[in-house]
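# An overview of the molecular structure
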Amino acid sequence: MNLSNLPKERLLDAYRTMKTIREFEERIHTENTTGDIAGFLHLSVGQEAIAAGVMSHLTTQDYIASTHRGHGHAIAKGSDVKAMMKEIFGKAGGLCGGKGGSMHIADLEQGMLGANGIVGAGGPLAIGAALTAKLKKSDDVAVCFLGDGASNQGGVFEAMNMSVALGLPVVFIFENNGYGEFTGADFSVGSKDIAGRAAGFGIPTVKVDGTNFFTIADAAGTAIDRVRQGLGPQGVEAFAFRFYGHFEGDPQAYRSKDEIENVRVDSDCLINFRASVAEGNRLEIGELDAIDAEVAILIDEAVAEARAADFPSPDAVLKDVYISY
Amino acid sequence: MAIKTIRQAIGEALRLEMARDEHVFIMGEDVAGGRGGTGVLDAAGGVLGITKDLLEEFGEDRVIDTPISETAILGCAVGAAVSGSRPVAELMFNDFMGVCFDPLLNQAAKFRYMFGGKAETPLVVRTMYGAGIRAAAQHSQTLYHMFTSVPGLKCVCPSNAYDAKGLLIQAIRDNDPVVFLEHKALYDIPGVETPDEAYTIPFGEANFVRDGTDITIVAMGLMVHIASGVAEELAKSGVSVEIVDPRTTSPLDTDSILESVEKTGRLVVMDESAARCGFAHDIAALVADRAFGSLKAPIKTITPPHTPVPFSPALEDAWLPGPEDLVKAITAVMEY
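Described in the following lines is the structure provided in the data block. (Residues numbered from 1 in each chain as written. Chains lettered and ligands numbered in written order. Predicted model: local features only at pLDDT ≥ 70, side-chain atom pairs only at ≥ 80, totals over all residues. Heavy atoms only, no water.)

This part takes up the overall build of chain A. In terms of helices and strands, chain A carries twelve helices and seven strands. Over its C-alpha atoms chain A spans a radius of gyration of 19 Å, differing by no more than 12% from the 20 Å that the globule rule assigns to 325 residues. Overall, the C-alpha framework of chain A stretches about 60 × 50 × 40 Å when taken along its three principal axes. Taken over 325 residues, chain A has a buried fraction of 56%. Look at the contacts in chain A between residues 6 or more apart in sequence, and 72% of them connect residues 24 or more apart. Charged side chains of chain A number 28 positive and 44 negative; the gap between the two group centres comes to 3 Å. (Helix = DSSP H or I, 4+ residues; strand = E, 2+ residues; numbered from the N terminus. Rg over C-alpha atoms; globule rule 2.2 N^0.38 Å. Buried < 20%, exposed > 50% of the residue type's maximum accessible area, 1.4 Å probe, protein only. Contact = heavy atoms within 4.5 Å. Lys, Arg positive; Asp, Glu negative; His and termini not counted. Charge placed at Lys NZ, Arg CZ, Asp CG, Glu CD.)

Below is the structure:
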């Protein structure tokens, strides 16, 4: 797939998506220091190009299964940013009514099967959504986002194997950010080769730079197209870096100061994107700056509205356990 | 209407619901059998033969043989359910839940709640449970108390063919995730009158297996049949035993249990699940909490001992609660 001639609108959309994820999460990082956000937060800052690149090939009919680091996936899949912010603040009107929080943001109307607090749980769920697509005889696909940590989980192995055995329309996207919690992938991934391991299950899998929108969008587009053509499960191992720790508050003693500083300079997908489009005169810098300004306003509004919103009524505790009981 | 076994009733329920709703499909290990082998397809129809011939009728898209891969089976079924399908997944033995609880515990059971009421996960997991056929420690457990303790799951344990068919059809039509437990010693016990057509039995409605006035026995699955035999015997000596089979542990028909105890004033719970934190203790606590004033004697619980299920027939027979345990408990309660 050649993305060098991507129409201008799609380029702007891609940048807007990445920038929205970045601003959303940078703002959560800041807001969290006020103590007004409860619970666990896992930020994907630094990995925005993967979400934007993959989702640029999906429709709302296609499903994704996300990870605990799922804000970016939800935004890129089309979830309402203001409802997401309310959810993270635990407020009424949140995307999940305040019952899920950061780690369980889901948006089934957008085909987003949920962030997930269980590492690797999305693997089996995604192949189930792919099975539904197959039974409907549609050309919808399911995309499963997994980290380098999840790549070691048995359930993911089972999902990969069964997807091949049953010929399911699923793409496995391994976001290799180098760390599973506080442990390096170079240690925890025995073979040091996630793509190779997926290939061992019979899933053609490529390795790409996940900090460059064009390379990840290109690889994901090829994989998704192949799945839609009925060629069976495909995979992409996308390398990127998380700019923050495993969770907000993680002191990151397991990373060198140099590494933490350098990744923001050398591996920032937004900087990379601006450089790429400037090189080919494909977009005016002013157009990108205008998006930056729009996004800043959107996130300001999202935070203001989330802060102003009411907490859910306590009677919501007993609601929606079952459809009927 | 004809006399049917539980084995026949479950097969009929699956066939009827697959014919009625194209979104219903079955998946699991060897549900057809024979794929990838050198013999014929549909070689087995599951280890019980219950799903035999469904492949021919409904095709390979809806009768899905899987690898031996329980996490993928359940997780795939959950993902399929939440995306619009109505899977009936087979987990051959409930003991295997040890390798695959996450899709039920953390996914299906919690989607609706943690996604703010927006998810529907119409999933059925059929699974065998129970002791008595010399299947030893890893194929004989009774684990419905574990499923019952998970909010978001429904849990069904039929004790006869009529209930099995009506409850399974209800489970398939139900929009919440349901664990449907089949006691492996009951598949071929003498059958009961069971309609040929489809019908449903609502969840949360106990069956009064036998009406009585002196003492209430709460029992499910195999224990219902043991209790029935004992009640028949004791009737000869003038003890009137009432047997309540809850049929579903979640939802639970608390009203029927309480009404029965308020009438009889005495309760024995005979249950095959755990000796600690099991279903018997749940019922005992319910009655102690809400009907204490009606009790004429302390509540008795009968469960297996707090041990794994042993293999040797001599040991398994000693392990499994039997009629003499129940007679002893009833006598103690009546003579209190």
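For the rest of this paragraph, the subject is helix α3 (residues 70–82) of chain B. Residue and element names in this part refer to chain B. Between its first and last C-alpha, α3 extends 18 Å over 13 residues, near the 18 Å set by a 1.5 Å rise per residue. For α3, the buried fraction is high: 13 of the 13 residues fall into the buried class. Backbone geometry just after α3 places G84 at a positive phi near 115°. (Expected span 1.5 Å × (residues − 1).)

Before going further, it helps to spend a moment on the pairing of strand β13 (residues 267–270) of chain B. All names here are of chain B. Going residue by residue along β13, you find L267 and V269 tucked away on one face and V268 and M270 tucked away on the opposite face as well. Of the pairings in the sheet, the one linking strand β10 (residues 215–219) to β13 comprises four bridges and is parallel in character. In the sheet register, T216 faces β13, and the bridge partner there is L267. Two strands pair when backbone bridges link them, and β13 and strand β14 (residues 300–302) are joined in this way by three bridges, in the parallel orientation. Of the residues in β14, the one forming a bridge with V268 is K300. Chirality of the crossover, the property in question, places the unit of β13, helix α9 (residues 279–290) and β14 among those that are right-handed. (Pairing = 2+ DSSP bridges. Right-handed = clockwise from strand over helix to strand, strands pointing away.)

Moving on: empty space enclosed by the protein. Rolling a probe over the atoms, with the probe sized like a water molecule, indicates the empty space that remains. Residue and element names in this part refer to chain B. Applying the stated criterion across every chain yields a total of three cavities of 30 Å³ or more. In terms of lining, the largest cavity is formed by 14 residues, of which the most central are A108, R112, T121, D176 and P177. Of the residues contributing to the lining of the largest cavity, the split by class is eight nonpolar, three polar and three charged. (1 Å grid on protein atoms, 1.4 Å probe; cavity = no way out; pocket = protein on both sides within 12 Å on 5 of 7 lines; lining within 4 Å. Points joined across faces, edges and corners; volume = space filled by probe spheres on them. Nonpolar A, V, L, I, M, F, W, Y, C, P; charged D, E, K, R; others polar.)

Here we come to the side chain of R86 of chain B. All names here are of chain B. Topologically, R86 is positioned in strand β4 (residues 86–93). Of the side chains with opposite charge, D21 comes closest to the buried, unpaired R86, at an N-O distance of 4.1 Å. A polar side-chain atom of R86 sits 3.2 Å from the main-chain carbonyl oxygen of I172. Here the side chain of R86 touches D174 through a polar contact of 2.9 Å, landing on its backbone oxygen. (Salt bridge = Lys/Arg side-chain N within 4 Å of Asp/Glu carboxyl O. Polar contact = N/O pair within 3.5 Å; in protein donor to acceptor, adjacent residues only side chain to side chain.)

Moving on to helix α9 (residues 213–228) of chain A. Helical periodicity: at 3.6 residues per turn, an α-helix aligns residues three or four positions apart in one direction. Residues and elements named next belong to chain A. With 16 residues, α9 should cover 22 Å at 1.5 Å per step; its first-to-last C-alpha distance of 22 Å lies within 8% of that length. Every buried residue of α9 is listed here: F213, F214, I216, A217, A219, A220, G221, A223, I224 and V227. Residues of α9 that are buried in the fold lie against α1 (8–32), α2 (48–55), β3 (170–176), β6 (205–209), β7 (234–239) and α11 (269–279). Capping the start of α9, N212 holds a side-chain oxygen 2.8 Å from the backbone nitrogen of F214, two or three residues further along. Looking one or two residues beyond α9, the residue adopting positive phi is G230, at roughly 85°.

F172 of chain A together with M27, L104, F147, I217 and I330 of chain B are the most contacted members of the largest nonpolar core, which has 146 residues in total. No other element matches α3 of chain B, which puts nine residues into this core. Counting only domains with at least three residues in this core, you end up with domain 1 (2–194) and domain 2 (207–334) of chain B. Core analysis: the second largest hydrophobic core is formed by 67 residues, A14, M18, L41 and M85 of chain A among them. (Core = buried A, V, L, I, M, F, W, Y, C linked by side-chain atoms within 4.5 Å. Domains from an automatic or database assignment.)

Before going further, it helps to examine the sheet that holds β14 of chain B. The pairing of strands in a sheet happens through backbone hydrogen bonds and is either parallel or antiparallel. All names here are of chain B. Taken in spatial order, the five strands of this open sheet run β9-β11-β10-β13-β14, and their pairing is mixed. Either end of the sheet is taken by a strand with one partner, and the two such strands are β9 (207–210) and β14. Neighbouring strand axes in the sheet, compared pairwise and without regard to direction, differ in orientation by 25° on average. Along the sheet, helix α11 (residues 323–334) makes contact with β10, β11 (241–245), β13 and β14, crossing β14 at roughly 175°. (Axes fitted to C-alpha atoms, helices over the stretch in contact; angles between N-to-C directions.)

Turning our eyes to something else, we now look at the interface of chain A and chain B. Opposite the 39 residues of chain A that make contact, chain B presents 42 residues. Together, M162, Y322 and I323 of chain A form the three largest contributors to the area buried by chain A at its contact with chain B, with a combined 18%. Run the count over chain A and chain B and you get one salt bridge. Close ionic contact of K137 of chain A with D61 of chain B constitutes a salt bridge, the shortest N to O distance being 2.8 Å. On the surface where chain A and chain B come into contact, there are 21 residue pairs in polar contact (both at pLDDT 80 or more). Elements with a minimum of two residues in the side of chain A that touches chain B: α5 (122–135) and α6 (154–166) of chain A. Take the side of chain A that touches chain B: its biggest share by element is nine residues, from α5 of chain A. Partitioning the side of chain A that touches chain B into residue classes produces 24 nonpolar, nine polar and six charged. (Buried area = accessible area lost by both parts, 1.4 Å probe.)

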